[in-house]
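# Fold and geometry: a report
In case you want the letters, here they are:
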Amino acid sequence: MGRSSPTFSSGLELANFVASSELPNHSWAAIRNLYREISQQEGLSPSPSPSVSFKVDQQPNFTIIAFFTWPACSKDYIQGEGGDLIPSETFPLFKFLCTKDNPNFSINKAALELFHSIRDRLPYLKSQIDNSKPVIITGNALGGSVASLFTLSLFETLNFTTTKRPLCITFGSPLIGDDGLHEAISKYPTWNSCFLHVVSNQDLVPRLLISPHNPIESDSQTNVYKPFGTFLFCSELGCACFEYSQSILDLLKATYLEGPEIQNPNQVLGLYEEIVKRLQRQEICKDTTQLIRLDIVTESLQANIITQLEAIGLVRPQRNIGIDHLIKNTEEQEKKFVYMKLVFDPSKQLNDRKIDMTHLEWYKKVSKKQNIGYYDSYKNASNKIDQDVTRHKRALTNYWVEIVDEAQKKPQKEGASFRTRWLFAGTNYRRMIEPLEIAEYYKEGHQRDYINQGRSKHYKILEQWLNETETGIPASGPNYLKKQNVESNLIEDSCFWAHVEEALISCKLLSSSELSTDHRDKESSKLIDFENYVYSSMKNYAVSPEIFLQQSSFMKWWKEYKKIRGTSYSSRLTDLMKNVKNYDLYATGELEFP
């Protein structure tokens, strides 16, 4: 990005927003109360076996569901046998997160086992959620991992259009999944925004599942575990938020400040108590600007990043080794993240694409007046107007390829909702534009089988969306409105003209004396199938009267087909076509079919 469009990192602003919201304070208060109850029951020497406790706190304006585990037990469990990843095939509860592009993911064994240990209480916990007020789900250490999994479990049935989205705030929680889980959540911004992870620079537990602390990995490996959501890194100097996964991984490694005062993992509970107090006082970044090296500040993004790194205790004289490299890497990663956040938003481009469709509709009308139809006009491309259509066609196609790709990436439930929302526009686009793709495919005159050999994947998927919505609906004949509007309607089968082109090729082959008997029978059979296909489409008023325009490819086929079959040949379609008055009757919706 050049200086003409400066890039900023909003980590401090986001941290300031989090601090001013009082949400961390409410969340930690619930964990603190649960911790005190457990301490009274177990004392300060908890059982070495890991377990998770939970409590629901109904406040007048919100509900808090808190999960607690002892940090020491979390550390021992993960470093023991709980650091493995469990593939998604073994836990169907989260199957809804899978997509066609991302069919598998894995979750940390320790987190999954603790979550599974309270599976009988999940219906109760879900029943405590009141849709009329916000819900905060929180937890510490592995309790935070359980909080994250519980939040994810809500996404399957939660309707974000009518229900307040849950907010999950964790304190010192380890990472819970691999790149597949990261993809499943991060690709859907609404879900990703539901997670805030608070991490102290003196807490080892959030770093246990990344190199070099993870015993199953080494520095030379690509990290198996990947974060999702927003991370609030905290030190005694302040705090800053980061959202890009690779930046988070790098900073989890770089910010860990090990010392004898925190050798007992349970002491981190006091650290988070102090962090929450500092957030209440909105101590986001203490004044350490004298430590910034001006020679490495080259642009606004880098300045932002250095200030953020100061806030989390990295840009200090005693920790300046490799800081230039960390700043450079973080800057590059944040630039990538800024670019990734400029995600494709269909609604933002919708008005431009409506203009493109308007041009195509106008082109369709002009072509009809010229007695040729827009399919054949585009195929012939004899005028400048035909060439201008290519630009609008390209813009629309790029737009819908991205929409379809976005829908395919979404989890099953969200993808279905997205498809339903865009079904009408997608169907209209496919019926208007795919005929132009077919025209280009057959224009050279030497290609066959567009449907199997040349058809774009996104057209197939758009057609599949429509078919899925019509599954189970009993077939019926055309209604009155459909008949009355047939002249302005698009052909329902967007591959109609591909069938016409194949029929033309069959006619040409049958006119050749060099064709063998077997091949002749094969092509003749194809033409019979085409007859039945066209007659069925016309009977359902599913084709436009434009096919009867004298210069259309369909009428060209009809002229060739009459020659091949002769005057004595009779079928439902040929009998209809022989009477030219039927063309006008069809156009007005008055043609009756036996």
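Going by the structure above, here's the rest.
Not measured: the values here are computed from a predicted model.

Basis of the calculations
Residues numbered from 1 in each chain as written. Predicted model: local features only at pLDDT ≥ 70, side-chain atom pairs only at ≥ 80, totals over all residues. Heavy atoms only, no water. Helix = DSSP H or I, 4+ residues; strand = E, 2+ residues; numbered from the N terminus. Contact = heavy atoms within 4.5 Å. Areas by Shrake-Rupley, 256 points an atom, 1.4 Å probe, with all protein chains shown as cover. Buried < 20%, exposed > 50% of the residue type's maximum accessible area, 1.4 Å probe, protein only. Polar contact = N/O pair within 3.5 Å; in protein donor to acceptor, adjacent residues only side chain to side chain. Pairing = 2+ DSSP bridges. Salt bridge = Lys/Arg side-chain N within 4 Å of Asp/Glu carboxyl O. Core = buried A, V, L, I, M, F, W, Y, C linked by side-chain atoms within 4.5 Å. Axes fitted to C-alpha atoms, helices over the stretch in contact; angles between N-to-C directions. Parallel < 35°, antiparallel > 145°, perpendicular 65-115°, else oblique. Left-handed = near helix turned anticlockwise from the far one by under 90°.

### A short note on the overall build of the chain
- In terms of helices and strands, the chain carries 24 helices and nine strands.
- Long-range pairs, those at least 24 residues apart, make up 76% of the contacts in the chain between residues at least 6 apart in sequence.
- Of the roughly 28000 Å² of accessible surface on the chain, a fraction of 51% belongs to carbon and sulfur atoms.

### Some remarks on helix 4 (residues 109-117)
- Three or more residues of helix 4 are buried, namely K109, A110, A111, L112, L114 and F115.
- If you follow the buried residues of helix 4, they end up packed against helix 3 (71-80), strand 3 (85-87), strand 4 (106-108), helix 5 (122-127) and helix 6 (141-154).
- The N-terminus of helix 4 is capped by N108, whose side-chain oxygen sits 3.2 Å from the backbone nitrogen of A110.

### A closer look at the pairing of strand 1 (residues 53-58)
- Here six bridges tie strand 1 to strand 2 (residues 63-68), and the two strands are oriented antiparallel to one another. Directly across from Q58, in strand 2, lies its bridge partner T63.
- From the end of strand 1 to the start of strand 2, which pair antiparallel, there are four residues.

### Quick word on the pattern of salt bridges
- Counted by the stated rule, this structure contains 16 salt bridges.
- The residue R32 makes a salt bridge to E273 at a minimum N-O spacing of 3.2 Å. On the criterion of sequence distance, the pair formed by R32 in helix 2 (residues 23-42) and E273 in helix 10 (residues 268-280) is long-range, its members being 241 residues apart. Grouping residues by exposure puts R32 and E273 together as buried.
- Linked by salt bridges that have partners in common, R448, E502, E523 and K526 make up one network.

### Focus: the nonpolar core
- Ranked by internal contacts, the top residues of the largest apolar core, which has 65 residues, are F67, F94, L149, F150, L181 and F233.
- Counting residues per element, this core draws most heavily on helix 6, which supplies eight residues.
- Residue contacts for F94: discarding those within four places in its chain leaves F105, I107, L112, F115, L149, L152 and S153.
- In terms of nonpolar packing, the next biggest core, distinct from the first, is built from 63 residues, M357, Y374, L515 and W558 among them.

### Thoughts on the packing of helix 21 (residues 517-539) against helix 22 (residues 553-565)
- At a minimum axis separation of 13 Å, helix 21 and helix 22 run at an interaxial angle of 130°. The orientation of helix 21 with respect to helix 22, classified from their angle, is oblique. Handedness of the helix 21/helix 22 crossing: left-handed. Between helix 21, through S524, L527, I528, F530, E531 and V534, and helix 22, the contact on the second element is made entirely by F554, W557, Y561 and R565.

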